[in-house]
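Summary of the model geometry
Next come the chains, spelled out residue by residue.
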Amino acid sequence: MRQGKRSVRLLMLLVVFALVAAACSSSSEETTTTAAGGDEGTTTTEAAMPGEGFKFGMILVGPENDRGWSQAHYEAGKYIEEMTGAEMISLDTVNPADRPETSVEQVVSDMIDQGAQLIFATSDDMKDGIEAAAAEHPDVPMIWSSGDSAWEEGEAYRADLPNLGNIMGKMTIGKAIAGCAAALTSETGNLAYVGPLINDETRRLVSSVYLGAKNCWEKAGNDPADLNLEVNWIGFWFNIPGVTLDPTEVTNAFFDGGADVVLSGIDTTEALVVAGQRAAAGEKVWAIPYDFEGACSEAPEVCLGVPYFNWGPAYLDVAASVMNGTYERQFQWIGPDWTDINNPDTSMIGWVNGDALSDDAAAALDEFIAGLGDGSIDLFVGPLNYQDGSTFLADGEKGTDVQIWYMKQLLEGIEGASSSG
Amino acid sequence: MTRLRLAVPTLVSLFAALVFGVLLLLVVGAPPFEALSLLVEGSFGSASKISATLLAWSPLLLASAGLVITFAAGLWNIGVEGQVIMGAIAASWVARVVPGPGWVVVPGTILAGAIGGAVWALLAGFLKTHGGVHEIFGGLGLDFVAAGIATYLVIGPWKRAGVASTSGTDIFRQEAWMPEFQAFGVGWPVVPVLLGLASVALVWVLLRGTLFGLRLKSVGNNSYSSFLLGIPTNRYLLGAFALGGALAGIAGTVQVTAFHHKLVPAISGGYGFLAILVVLLAGFSAALVAPIALFFVAISVGSTQLDLRLGLDSAFGGVLQGVIVLFVMFGGAFAARRASWSRSTQEEP
């Protein structure tokens, strides 16, 4: 009898394995269709495509289908494939928790062995790895997205790595739009932000949310004292059980504490999912995801919209320059195409309205975006103070790129840890 | 004869596991033989691949060798994972604060790792011998505590300037890195491999050729009779914990000073848990640990290629490892049952 039970248990384990395998198969199918898509592209164009035979590597920190940061990069890689006929070699979930025996250097070497002539390392977390890899393969052009190693005016300039460039989008604008949408919708004035980890980039983005929210809150005639923005940091770009805080719990705590709009600053969509669940239970709550154009689809009924990256055009430019031999490493911090911020072929930063954004709010938001575009609204103008009351920008002073990139603290008025001390 | 009788079911089980792996690949729609050859190519296909495999092999060897000792003493030392982490933390501390050239710092990190791992193992040991807490629960609890401490240090006191992230501390200065030996255009992890092999040899000799080993095994087989025969059981149990923990701690040193060159929360690489599978598969024998550990890390390291080239989820490697262990243990149990069945039928008439 005991033996019988044991073999049943074993059988169940095997069934579990089979299910896991079946789950894996779906992602493998996706990849094969990708390859097929590339081929199709080449056959429909009569002339040989410029990227025929060109390979590039794409290293992602999270899953390629995370509906957030990593997927946005993955889609950019597919965009290059489509436009040039080049071939992407991608590897996702490259981080020490998911792949303990794999380093970024090893992945880069593997990709170069496979013929990659250009490497994209697409996370802040890959700094050490991609800098080491760039030193090891000085002839291979590489891009470290969101980094500042190629910025001469920056604080971490690496003159010794002439093959390593940086690309980043001016998400300060996208986050300001998100902040505005949140302020136009919130009934309580209590906004909350699920932050990833604390660094220059995230300080700058939370501050942008606040500035955008403040502008629209006051323009709508509300009392500035009633607007609150609270941030809580989970510790990494996405949930790692046992290591980071759980973003689902953080979001629930925000709503329990009286916030009615939660903005996500992490790579994945937990904030939106939680908002959807709570709205289904009758609460008046909303959320704003981040990173990926299609992120709202997880819970469209509570989504106010999403500020997203469109890495495709910038990555395509780099790939083209490598193909024709004119690559030069650059630091690029690219804003939206103001003629149409959602143009997939020209605009680095976009915003799509969500189903939950009211018509009135959408109209006010359009006005805000137009103001940012024509320069009539400039959020980073003094007087602006840091959280501890010290001056960030003096009265009338316009923030420079360097000042905004390297904000030392969150702005005065934001609740939550600001720096690592 | 008994050896052969044991080896045959193991080989049959391995073969069965392989067949099952092939079937899995077919279900997934991947070319099975290309996938298997990619596993081999990905772990042994070039000098740099071999070097990467050896670098992953070393901590697994150390952790497995430590486990063989505690298993010999009859202990289910589930706390290896935590001991690896505490070794890594102690080694990181030395790497961060001790000045001076490499020949001072590197031995310092190894010693610190050993102490860190031993102390953590002794905690579980004292909980068992003096607190009556079973080592499975004590060890597992301490695993979580160690992981928590590592995360706290990374995001707290040891964070990078201006940053609070769980992604890791600053890179250690070059002198604290375990030296590599340059050949064939790649750096070779000679020191880690030597440490790993030495640990296995040490454990093998200890258990085979010393009074300590003999008594330890006797404690492991029957702790009560050993006690009656005058062996200070608790002292031997704690000795096994300390030694096993020290070896696991050195695995942690290897992880921080030879691989990551910084402390990250996931510093153990899961080798503490993987080591349990290795030792189970090795039938608690030190001699078998080395080849089996190599086989396991080869699957881990090579499985990245499945993702890169076939678009397969590289979790397949882990699935294959699990299937192998299941099949071998199932095969062993089956053989044992058949043996006892044939004995009983022989006796009946």
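Nothing here was measured: the structure is a model prediction, and the numbers come from that model. (Residues numbered from 1 in each chain as written. Chains lettered and ligands numbered in written order. Predicted model: local features only at pLDDT ≥ 70, side-chain atom pairs only at ≥ 80, totals over all residues. Heavy atoms only, no water.)

**Observations regarding the state of the cysteines**
Residues and elements named next belong to chain A. For clarity, the cut-off: For this text, the term disulfide refers to a pair of cysteine sulfurs within 2.5 Å. Under the scheme used here, helices are H or I runs from DSSP no shorter than 4 residues and strands are E runs no shorter than 2 residues, and both carry numbers assigned from the N terminus. Buried residues are those whose accessible area, probed at 1.4 Å on protein chains only, stays under 20% of the maximum for their type, while exposed residues exceed 50% and partly exposed ones sit between those limits.
For the structure shown, the criterion picks out two disulfides over all chains. Paired by a disulfide, Cys-180 and Cys-216 hold their sulfur atoms 2.1 Å apart. Handedness of the Cys-180-Cys-216 disulfide follows from its S-S torsion of about -95 degrees: it is left-handed. With Cys-180 in helix α5 (residues 171–185) and Cys-216 in helix α6 (residues 200–219), this pair connects stretches of sequence that are 36 residues apart. You can call Cys-180 buried: its relative accessible area is 0%. Note on Cys-216: relative accessible area 4%, which makes it buried. A sulfur-sulfur separation of 2.0 Å characterises the disulfide bridge that pairs Cys-296 with Cys-303. Measuring the twist about the S-S bond at about -50 degrees, one finds the Cys-296-Cys-303 disulfide to be left-handed. Residue Cys-296 is classed as buried on the basis of its relative accessible area, which comes to 12%. With a relative accessible area of 0%, Cys-303 lands in the buried category. In chain A, numbering the disulfide-bonded cysteines from first to last in sequence yields the connectivity 1-2, 3-4.

**Structural notes on the environment of Trp-311 of chain A**
All names here are of chain A. Quick reminder of the rule: As used in this structure description, the phrase polar contact means that two N or O atoms lie within 3.5 Å; if the pair is within protein, one of them must be able to donate a hydrogen and the other to accept it, and residues adjacent in sequence are counted only when both atoms belong to side chains.
In this structure, Trp-311 sits in the loop between β10 (305–309) and α9 (312–323). By relative accessible area, which is 0% here, Trp-311 ends up buried. As for Trp-311 and His-73, which are separated by 238 residues in sequence, their C-alpha atoms are 6.3 Å apart. Here His-73 takes part through its side chain, which lies 3.4 Å from a polar atom of the side chain of Trp-311.

**Thoughts on the confidence of the model for chain A**
Detailed reading of predicted coordinates is not advised where the pLDDT is low. How we decide: By definition, pLDDT measures how confident the predictor is in each residue, and it falls between 0 and 100. Note on contacts: a residue pair is in contact if any heavy atoms of the two residues lie within 4.5 Å.
Predicted confidence across chain A gives a mean pLDDT of 88, with 88% of residues reaching 70 or more. Low pLDDT, under 50, characterises residues 1–46 of chain A; the stretch is placed with 30 contacts to residues that sit more than four places away or in other chains.

**Side note on the pairing of strand β7 (residues 228–233) of chain A**
Residues and elements named next belong to chain A. Keep this limit in mind: By definition, the crossover connecting two strands over a helix is right-handed if that path, from the first strand to the second, turns clockwise as seen with the strands pointing away from the viewer. At least two DSSP bridges between two strands are required for those strands to pair.
Alternating positions in β7 separate cleanly, Leu-229, Val-231 and Trp-233 being buried on one face and Asn-228, Glu-230 and Asn-232 remaining unburied on the opposite face. Once the chain exits strand β6 (residues 190–195) it traverses α6 before rejoining the sheet at β7, and the crossover so formed is right-handed. Where β7 lies against strand β15 (residues 414–415), two bridges are found, and the strand directions are parallel. Within the sheet, the bridge partner assigned to Glu-230 lies in β15 and is Glu-415.

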